[in-house]
Amino acid sequence: MASNGSAGIRDFPLDPGIFLDEDLGSDWYIYESTESAAPSDDLFPGVIPECHPTVSPRMYHTCMAPISLAVILALSFLVKRRRLHRSCCNGVPGLLSPANFLEEESSRGPAVAVFGILFSSLCQLVLDKEPLPLASPSSHGAREYWKILALLYYPAFYFPLLACATSRHRLGYLAGSLLAWGHCLVHVWQKVECPHSPKIHRLYSLLSHVPTVLSLILLSLWYPALLGRSLRGDSPEREIPGSGYYRKYLKAVLSKRGQKGSSVPIEESLQSRIRSYLRSYIYTPEEGFRIPLKLVVSLAMAVIAVYQVALLLLVAFVPTIQIIRVGMTKDIVVLLVQFGLVPSDNPAVPGDMEKELRTVRHYLWSLEVCYICSLALCCLLTGAALLRTLGAHRSNLRALYRGSVLDVFSEPRSLRPSRSAIVCWMSFASFQAAFACLGLLIQQVIFFLCSVAFAFLVVIPLQTGTGSLLFGILRNMWPFWLALLVAILVQHLLAHSQFLEQHSLRKELTNRRALYIVTFLLFPTNVLLGVLAGVWRVVISGLYNAVQFCRLDISLLQRGVETFDPGYHSYCHFLKVEVSQGHPLMKAFCFLLLQRPELPALPRDTRLEEGLHLLHHKHLAPGKARIRRIRARWCLAYTLLRNPSLSSSRKTALADASANGAQLGVPKP
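Computed from a predicted model, the values in this text were never measured in an experiment.

Parameters at a glance
Starting from 1, residues in each chain are numbered consecutively following that chain's sequence as written. Owing to the predicted nature of the model, reporting of local features is limited to residues with pLDDT of at least 70; listing and counting of side-chain atom pairs is limited to 80 or more, with chain, interface and lining totals taken over all residues. Just so you know, side-chain values use all the structure's heavy atoms and leave hydrogens and water out. Helix and strand labels come from DSSP, where a helix needs a run of H or I of at least four residues and a strand needs a run of E of at least two; each type is numbered from the N terminus. To sort residues, take the accessible area from a 1.4 Å probe on protein chains only and compare it with the maximum for the residue type: under 20% means buried, over 50% means exposed, and anything in between is partly exposed. We call two residues in contact whenever any of their non-hydrogen atoms come within 4.5 Å of each other. All accessible-area figures derive from a Shrake-Rupley calculation using a 1.4 Å probe, and residue coverage is judged against the displayed protein chains alone. Put simply, two rings from Phe, Tyr or Trp (the six-membered ring, in Trp's case) pair if the centres are within 6.5 Å, and we call them stacked under 30 degrees between planes, edge-to-face over 60, tilted for the rest. Here pLDDT means the predictor's own confidence in every residue, given as a number from 0 to 100. Note that patches include only residues with greater than 30% relative accessible area and no salt bridge, and the join distances are 9 Å for like charges and 5 Å for nonpolar side chains (Val, Leu, Ile, Met, Phe, Trp, Tyr). Basic side-chain nitrogens of Lys or Arg form a salt bridge, by our definition, when they fall within 4 Å of a carboxyl oxygen of Asp or Glu. By this rule the span expected of a helix is its residue count minus one, scaled by 1.5 Å. Here the bend at a residue means the angle between the axes of two seven-residue stretches, the one that ends at it and the one that starts at it. Put simply, buried Ala, Val, Leu, Ile, Met, Phe, Trp, Tyr and Cys residues joined by side-chain atoms within 4.5 Å make one nonpolar core. To define axes, lines are fitted to C-alpha atoms, for helices over the stretch in contact only, and angles between the resulting N-to-C directions are given on a 0 to 180 degree scale. Note on terminology: angles under 35 degrees are roughly parallel, angles over 145 are roughly antiparallel, angles of 65 to 115 are roughly perpendicular, and the others are oblique. Polar here means any residue outside two lists: the nonpolar Ala, Val, Leu, Ile, Met, Phe, Trp, Tyr, Cys and Pro, and the charged Asp, Glu, Lys and Arg; Gly therefore counts as polar. If you view the pair so one helix is near and one far, a crossing is left-handed when the near helix is turned anticlockwise from the far one by less than a right angle, and right-handed when it is turned clockwise. What counts as a disulfide here is a pair of cysteine sulfur atoms lying within 2.5 Å.

Asks: Describe the overall build of the protein chain, and please don't skip the residues or the numbers.
Replies: Helix and strand counts for the protein chain stand at 26 helices and 2 strands. Looking at the protein chain residue by residue over its 669 residues, the buried ones come to 33%. The long-range share in the protein chain, meaning contacts at least 24 apart out of those at least 6 apart in sequence, stands at 73%. With an accessible surface of roughly 43,100 Å², the protein chain has 65% of that area assigned to carbon and sulfur atoms.

Here you go:
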């Protein structure tokens, strides 16, 4: 029979037109008709084709890199050398500086913009398959070497965008304008031509370039404004840069008066304390004080880091969970029901499974909501912590300016630069950005798990009216929880009414025998209370350290071992360099000395008698000279009293190291 059937088939071959029948094709591939083809592009980013802009990244870097190098070489002839062979070629060419971080003359906006471009390039470098646009890696192992080269290439590539301003020349402003316009036009044109990208998510490439585009727009507006101001001659050339801020600081310090009124502290109400606590998270600028440029750059980089990490976490999880929710089938629901992950009326005999399918999709939607809410909460907490650091930076700098070292550090420290202090100062902004990234990741993991546990153990059981593991534990162990609560209340009531005696001015212990008896009897109960307190200690310390992880002005370790915290260690050395090299009061007096009016030049004469007569100066009266000397000494004493850290900068202290140490009274680090 089988042979005959096969022979019959060979004798009567199938008609090829049978495979072209529309009804038969639709029956065989009926599962395709149930899928909607419209949202496939929205759900699956892999179907987005590769977009090749007119100006490719390789062409862009190939053209702009030589131009940037030529600009740096040309502007180097506008700057003179300070140490190396100053007599050779009149000190030309010199080295361009990106920004004067220890001075107050640098513009903050352009520095923040260029550092933001550099950090955004670093974020794209980590995820790109071709880290160096000028060349493609030949193998996967060679990609890591290209990434190392890219870490050095991008700072050199964007260096002219910031260095053109430090030349203080019109040619530098013109070159900066042209470079900023070129970079901005290329980036905007690339994103207009190719707004979508198949990498991670179709909108990730566009959204991740938002800080870069905004920074380039700022530079494109700032350099032309600087060039126009220079052409009009509005900028004062004879005034020393940065002297305006130091004069304002000096006036603000000298204009302060002691606060009048009673020194008895007034007890504040709870509402006023809450209001003052909330105000501590809002930084309000004060006249006569300015946050150093390095701190501004570090906080701006932390904000950009939070944006980049939050964007990556959002586009990596939410579209994936949406695809899983839309593509959930009944076959997968049956497996989940069999494993007991989804409640069902009759799990042994699977039926229609429509109710269970809706339940699974509701669970996945709940996961998506928990993830988005936890991510938003993490961003808000990180932003609040970064705002709190601004007030802490200002109070710490002011305390160190007036010499109150113990108000900032836990032990006396010398405010002098050292090798480790210089290294920490250079890496402080990078540490702040890295700690902000890691802090946001840790917070997201913790708060997402907590929100999922709360949703599936409390909210969803209350919505559906089903049992919950948490409710079951509380229901079965309510006598135990009640006993612990009664033990806590009994101890507090006995301590208040029986073991504490109130006198007119003090409180004393009483009924000591009863106290010893109750302590012995409640020892086992207090052990169980200690276990719960230990769990709470772990939870609250973990949440607190996760929220405060991005703050470098506080240590996550206790006093004595806080130097093992690398973030706080870097912050302490950073303050040393900032205070020792950028004290506003010391620089204000230096600027006043540099701007002292000079005596008019004496006229030349051929006759010796007239020359001697002209060289004869009118001396001040002894009384006036003595009064002026006394006034100068009182001003010096007042300045040193309000700023003890300036004692190390006096001439006698700098000449004698032992005298310097004796004046400060601080041991060497």
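Okay, back to it.
Asks: I'd like to hear about the environment of Tyr-145, residue by residue, with values.
Replies: Along the chain, Tyr-145 turns up in helix H7 (residues 140–166). Residue Tyr-145 is classed as exposed on the basis of its relative accessible area, which comes to 59%. Between the C-alpha atom of Tyr-145 and that of Leu-132, which follows or precedes it by 13 residues, the distance is 9.9 Å.

Asks: I'd like to hear about the packing of aromatic side chains, residue by residue, with values.
Replies: Under the defined criterion, the tally for this structure stands at 17 aromatic pairs. Taking the centre distance of 5.5 Å and the plane angle of 25° together, the rings of Tyr-153 and Phe-157 count as stacked. One end of the pair is Tyr-153 and the other is Phe-157, both in helix H7 and 4 residues apart, which spans about a single turn. Grouping residues by exposure puts Tyr-153 and Phe-157 together as buried. On the numbers, 5.3 Å between centres and 70° between planes, the contact of Phe-480 with Trp-481 is edge-to-face. Through a chain of ring-to-ring contacts, three or more aromatic side chains come together here, namely Tyr-60, Tyr-153, Tyr-154, Phe-157 and Tyr-158.

Asks: Help me get a handle on the confidence of the model for the protein chain, residues and values and all.
Replies: Per-chain confidence: the protein chain averages 77 in pLDDT, with 76% of residues scoring 70 or above. Least confident of the elements in the protein chain is helix H3 (residues 30–33), whose mean pLDDT is 38; most confident is helix H20 (residues 523–547), at 91. Low confidence marks residues 1–46, where pLDDT is under 50. Its contacts with residues over four positions away, or in another chain, come to 12 contacts. Contacts for the low-pLDDT stretch residues 598–618, under 50 throughout, to residues beyond four places or in other chains number 4 contacts.

Asks: If you had to explain a nonpolar patch on the surface to someone new, which residues and values would you point to?
Replies: A cluster of nonpolar side chains, namely Leu-469, Leu-470, Ile-473, Leu-474, Met-477, Phe-480, Trp-481, Leu-528 and Leu-532, defines an oily patch on the protein surface of about 740 Å² accessible area. Contributions of two or more residues to the nonpolar patch are made by helix H17 (469–476), helix H18 (478–497) and H20. If one sorts the elements of the nonpolar patch by residue count, H17 sits on top with 4 residues. By the element assignment, Phe-480 lies in helix H18. A residue is classified by how much of its surface remains accessible, and Phe-480, at 30% relative accessible area, is partly exposed.

Asks: Could you give an account of the pattern of salt bridges, naming the residues involved and the relevant values?
Replies: A full pass over the atoms with the stated rule returns 2 salt bridges. The residue Glu-368 makes a salt bridge to Arg-325 at a minimum N-O spacing of 2.7 Å. Here Arg-325 lies in helix H13 (residues 293–326) and Glu-368 lies in helix H15 (residues 354–401), a separation of 43 residues in the sequence. One salt bridge in this structure joins Arg-551 and Asp-553, with 2.6 Å as the shortest N-O distance.

Asks: Pulling in residues and values, what's your account of unusual backbone geometry?
Replies: Despite not being glycine, Asn-511 shows a phi value in the positive range, around 55°. By secondary structure assignment, the location of Asn-511 is in the loop between strand S2 (507–509) and helix H19 (512–521). Given the relative accessible area of 38%, Asn-511 is considered partly exposed.

Asks: Go over helix H16 (residues 419–464), please, and point to the residues and values.
Replies: With 46 residues, H16 ought to run about 68 Å at 1.5 Å a step, and its terminal C-alpha atoms sit 64 Å apart, in line with that. If you look at H16, its biggest bend is around 50°, right at Ser-427. At the C-terminal side of H16, Gly-465 shows a positive phi close to 75°.

Asks: Pulling in residues and values, what's your account of the side chain of Arg-551?
Replies: Relative to the helices and strands, Arg-551 resides in the loop between H20 and helix H21 (566–581). Among the residues examined, Arg-551 registers a relative accessible area of 10% and is labelled buried. If sequence neighbours within four positions are ignored, Arg-551 has contacts with Ala-385, Arg-388, Thr-389 and Ala-392.

Asks: Outline the nonpolar core, listing residues and values.
Replies: In terms of nonpolar packing, the biggest core is built from 101 residues, with Phe-119, Leu-161, Leu-219, Phe-409 and Leu-575 touching the most fellow members. At 14 residues, the largest contribution of residues to this core is made by H13.

Asks: Lay out the environment of Ser-414 with the relevant residues and their values.
Replies: For Ser-414, the location among the structural elements is in the loop between H15 and H16. Spatially, the C-alpha atoms of Ser-414 and Ser-580 are 9.7 Å apart, while their sequence positions differ by 166 residues.

Asks: Account for the packing of H18 against H20, naming residues and giving values.
Replies: Axis separation between H18 and H20 bottoms out at 10 Å; the angle between their running directions is 105°. With respect to their mutual orientation, H18 and H20 come out roughly perpendicular. Between H18 and H20, the residues in contact are Phe-480, Trp-481, Leu-484, Ala-487, Ile-488 and Gln-491 and Thr-525, Asn-526, Leu-528, Leu-529 and Leu-532, respectively. Partitioning the contact of H18 with H20 into residue classes produces 8 nonpolar, 3 polar and no charged.

Asks: Can you explain the packing of H15 against H16? Please cite residues and give values.
Replies: Running from N to C, H15 and H16 point in directions that differ by 140°, and their axes come no closer than 7 Å. Comparing the axis directions of H15 and H16 gives the class oblique. Note on packing geometry: the crossing formed by H15 with H16 is right-handed. Among the residues making up the contact of H15 with H16, the classes are represented as 17 nonpolar, 9 polar and no charged.

Asks: I'd like a description of the environment of Tyr-158, backed by residues and values.
Replies: By the element assignment, Tyr-158 lies in helix H7. In this structure Tyr-158 comes out as buried when scored by relative accessible area, which is 5%. Once you skip the residues sitting within four places of it in the chain, Tyr-158 turns out to touch Tyr-60, Val-114, Ile-117, Leu-118, Ser-121, His-183 and His-187.

Asks: How would you explain the state of the cysteines if you had to name every residue and give the values?
Replies: On inspection of all chains with the given rule, the structure shows 0 disulfides. Cys-424 provides the cysteine sulfur closest to Cys-572, a residue in no disulfide bond, and the two sulfurs are 9.2 Å apart.

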